[in-house]
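Close look at the chain arrangement
The primary structure of each chain is shown beneath.
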Amino acid sequence: MQKGARKWIEYYWNYVNSDKYKEEKIKRKAEYEKATHDSDKEENIQ
C-alpha cells in the first residue's frame, strides 16, 4: 500500500509541476472568466 501511495504522490507532484498542467490551468481560468462575464451580461440585459 505504501509503495502504491508513493507512486501516486510522485505522479501527481510531477503532473502539477508540469508545463501541461500550467497551460490547462490558465485555459480553465480564462474559460471560467469568460463564462462569468457572459453570465453577467445576460443578467444586465434582463
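A brief structural summary. Because the structure is predicted, anything quoted here is derived from the model rather than measured. (Residues numbered from 1 in each chain as written. Predicted model: local features only at pLDDT ≥ 70, side-chain atom pairs only at ≥ 80, totals over all residues. Heavy atoms only, no water.)

Side note on the packing of aromatic side chains
The geometry of two aromatic rings is summed up by the distance between their centres and the angle between their planes. So the rule is basically this: Here the aromatic set is Phe, Tyr and Trp, taking the six-membered ring for Trp, and pairing holds for ring centres within 6.5 Å; pairs whose planes are under 30 degrees apart are stacked, those over 60 apart are edge-to-face, and all others are tilted. Helix and strand assignments come from DSSP, with helices taken as H or I runs of at least 4 residues and strands as E runs of at least 2, each series counted from the N terminus. In this scheme, a residue with accessible area under 20% of its type's maximum is buried, one over 50% is exposed, and one in between is partly exposed, where area comes from a 1.4 Å probe on protein chains only.
Using the criterion set out here, one finds 3 aromatic pairs in the structure. When the centroid spacing of 5.5 Å and the interplanar angle of 5° are considered together, the rings of W8 and Y12 count as stacked. Residue W8 and its partner Y12 are located together in helix α1 (residues 2-16), separated by 4 residues, close to a single helical turn. Judged by its relative accessible area of 54%, W8 is exposed. Residue classification places Y12 among the partly exposed residues on the basis of a relative accessible area of 45%. Look at Y11 and Y15: their rings are 6.5 Å apart centre to centre, the planes differ by 10°, and that puts the pair in the stacked class. With Y11 and Y15 both in helix α1 and 4 residues apart, this pair spans about one turn of that helix. For Y11, a relative accessible area of 58% gives the class exposed. Under the relative-accessibility criterion, Y15 is labelled partly exposed at 27%. An aromatic cluster is defined as three or more aromatic residues linked by ring pairs; in this entry it consists of Y11, Y15 and Y21.

Keep in mind that these numbers describe shape and distance, not what the molecule does.
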